Amino acid sequence: MIFKVEGHKFRSGLMACALALTASATFLPVEPVHAQTRTLPDFTDLVDQVGPSVVNIRTVEKVVQRGGNGEMDEEMQEFFRRFFGQPLPGVPRQGPRQNRPQPQEEERPRGVGSGFILTPDGYVMTNAHVVEDASEVLVTLPDKREFKAKIVGADKRTDVAVVKIEATGLPAVKVGDISKLRVGEWVMAIGSPFGLENTVTAGIVSAKQRDTGEYLPFIQTDVAINPGNSGGPLINMRGEVVGINSQIYSRSGGFMGISFSIPIDEAIRVSDQLRTTGRVSRGRIGVQIDQVTKDVAEAIGLGKPQGALVRGVEAGSPGEKAGVEPGDVITKFDGKAIEKPSDLPRLVGNTKPGTKSTLTVFRRGASRDLSVTIAEVEPDKPSKRASDREEPAQKPPASAAAKSLGLAVSDLTDAQKKELKLKGGVRVDAANDAAARAGLREGDIIMAVGNVEVSNAREFESALGKSDKSKPLSVLFRRGDWAQYALIRQAR
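Residues numbered from 1 in each chain as written. Predicted model: local features only at pLDDT ≥ 70, side-chain atom pairs only at ≥ 80, totals over all residues. Heavy atoms only, no water.

A cluster of nonpolar residues, L40, W186 and M237, forms a patch on the protein surface that exposes about 310 Å² of accessible area. Examined against the element boundaries, W186 turns out to sit in strand β10 (residues 186–191). Here W186 falls in the partly exposed class, since its relative accessible area comes to 33%. (Patch = residues over 30% accessible without salt bridge, like charges linked within 9 Å, V, L, I, M, F, W, Y side chains within 5 Å. Areas by Shrake-Rupley, 256 points an atom, 1.4 Å probe, with all protein chains shown as cover. Salt bridge = Lys/Arg side-chain N within 4 Å of Asp/Glu carboxyl O. Helix = DSSP H or I, 4+ residues; strand = E, 2+ residues; numbered from the N terminus. Buried < 20%, exposed > 50% of the residue type's maximum accessible area, 1.4 Å probe, protein only.)

Extensive coverage of strand β29 (residues 482–488) is indicated by the burial of five of its seven residues. Bridging between strand β28 (residues 473–479) and β29 involves seven bridges; their strand directions are antiparallel. In the sheet register, L476 faces β29, and the bridge partner there is Y485. The hairpin turn running from β28 into β29, its antiparallel successor, is two residues long, and G480 in that turn takes a positive phi close to 65°. (Pairing = 2+ DSSP bridges.)

Of all hydrophobic cores here, the largest spans 22 residues; its most connected members are L407, L440, I446, V449, F460 and I488. For this core, the secondary-structure elements that each account for two or more residues are α10 (400–405), β24 (407–411), β25 (426–431), α12 (433–437), β26 (445–449), α13 (457–466), β28 and β29. With four residues, the top contributor of residues to this core is α13. Leave out the neighbours within four places in its chain, and F460 touches A402, L407, V409, V426, I446, V449 and V454. (Core = buried A, V, L, I, M, F, W, Y, C linked by side-chain atoms within 4.5 Å. Contact = heavy atoms within 4.5 Å.)

The next point concerns the packing of aromatic side chains. This structure, assessed with the given rule, holds two aromatic pairs. Note on F43 and W186: the rings are 6.0 Å apart at their centroids and 65° apart in plane angle, and the pair reads as edge-to-face. One end of the pair, F43, is in the loop between α2 (33–36) and α3 (44–50); the other, W186, is in strand β10, with 143 residues separating them in the sequence. Taking the centre distance of 6.2 Å and the plane angle of 70° together, the rings of F218 and F260 count as edge-to-face. Remark: F260 occurs in strand β15 (residues 259–263) and F218 occurs in strand β12 (residues 217–221); sequence separation between them is 42 residues. According to the relative accessible area criterion, F218 is buried, its value standing at 3%. Cation over ring: K164 sits above Y123, and NZ or CZ is 5.4 Å from the ring centre. (Phe/Tyr/Trp six-rings, centres within 6.5 Å; stacked < 30°, edge-to-face > 60°. Lys NZ or Arg CZ within 6 Å of the ring centre and 35° of its normal.)

Quick look at the confidence of the model for the protein chain now. Residues at a pLDDT of 70 or more form 75% of the protein chain, whose mean pLDDT is 80. Across residues 1–12, confidence stays below pLDDT 50; counting only partners more than four residues off in sequence or on other chains, it has 19 contacts. Every residue in residues 379–394 scores below 50 in pLDDT, and together they form 23 contacts with partners more than four places removed in sequence or on other chains. (pLDDT = per-residue confidence, 0-100.)

Further remarks concern unusual backbone geometry. In this structure, K144 takes a positive phi of about 80° despite not being glycine. With respect to the helices, strands and loops of the structure, K144 is situated in the loop between β6 (136–140) and β7 (146–155). When its relative accessible area of 59% is taken as the criterion, K144 is described as exposed. The phi dihedral of Q209 is positive, around 60°, even though this residue is not glycine. Overall, the relative accessible area of 46% leaves Q209 in the partly exposed class.

In C-alpha cells form, the structure reads like this:
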C-alpha cells in the first residue's frame, strides 16, 4: 500500500510512519548540553579575600577554689561527731576558721568562639554569648599573633558584642547590603568549630526574616555551623559579610542542617552604639502584644490577619498617655506596616527615645492615628492584678440573649473600675456552653461586643440584641492585666 503525505509517496510500515511524522512536525532548536549546566561556585578566592579578617576568640573565667577540705568536709565532720561520737575517719580536723586557707581565684578556659575584624584599628565583632562572664578575652589572628582584648560592650537581646585589640592596619571586612541577599544564593562561613581555626563551610540561604528572637529577623542557612563558629562571619559571593553566625537548630548539640545568622545591618546598628556609649539604647511604648488570628480579623472587620493585638497597656507608659487601649490592633508605626507582632518591637526598639512617632490603631471597626513619645527600655515593672473577689450587692438576672451564649454578667462597682483603671465594662459572673467553649470564664471583664464598647450590663444586652446571630460574635475581654478577643459561636 502506498501513502501520499504533503506531495510525497512512500510505502506503508514503520519507515512510512516515521517519514510522515517528520514531514508534518516542527522541531525547536536544542541548546547544547553545556549551556544548560551551571557549575558549582568556587570559594577559593573568597577564602583568600576574607580569611585574614576572621579571628579566633578564647575566653577565660575566674573560678573560686576553696582551700583545705572545704565547707563540705566541715559539715560531714559535724555529722559524724553528732551521730557517731567521732570525727569522719581519714579526714584531719580543721583548725579555727580564721586560720584556715582562704578561698582563691583560679582562671580556667571558658570557651572558644569566632569573630571578625570590623575596623583596621582593632575593633572586632562577635556574639555576646561568646564573651559573656569572661574575665579575659584572647584574640588570635590568622597570622598567629595573639592579643588580649577589652570588651567594649555586649548586647544580650541581639547577641552582638564588640571587643577591642591594640593593633592597627588590620584587614577589615566589607559589609554587604542585606536587602540584596536572596533566598537560594550561595554563602560561606569561616570560624573555629570545636576550636579548629579557619574552618570554611558553605551552603545556601534557606530563608530570610526568621522570627526566633524578639528584635531580630534571622537569616536561615544550611551552612554547617557548630560550637565555636559563633561570632564568625556569613559571607556572600561578593566577599561581603551579610551576617554573624549565631545559632543552630539541634537536638544533639551538633549541626543538623539549620543555622541562623544575625543580619549584618542589625549588628552594625548595635555595634555603633556599643562603640559610642558601651550600651544599646532602645525605644519602648509599654504595651503587651499578641498575634491577630484570621477569625478575629474577620470578626472585628480588619479584613486580613495583620498587625499587633494590644493585650495590655502599662500604667503611665507612653502607650497609655497616647491613648492606646487593650483590644486595639496596631497596624502601622510611623507609616510602616505591621504585618506580624514581632515587627512592632523591632521598629519601636530601633527608634531613639524621645522621638515623637505615630501609631495607627484599628479600634471598633475604624482606624485612627495616635501620637506617642518613645521612652527608653527599662526593667519591667510589676503590675497590679485586678481583684475578682469584689462583687456588686445585687446581680441582675441574665437576659435570654445572654443565656443563649451561656453568660451571666453584672455591672462593675466603682471600686473595681478604679482598681482596673476602666471607665466601664461588665464582669462575667458565669460562663457556660458557647461562652465557655470560646474561652471565657468567671471574673473576666467584657469591654466590647461586636466592635461596640459596653459600659454596663444594659449596653451589653443591647449590643447582644443587635448582633448577627449567623456570624461568630467577637468579644473583647480582659483577664487580669491582659486583654484579648474571644469568638462565641451563637446558636441559631
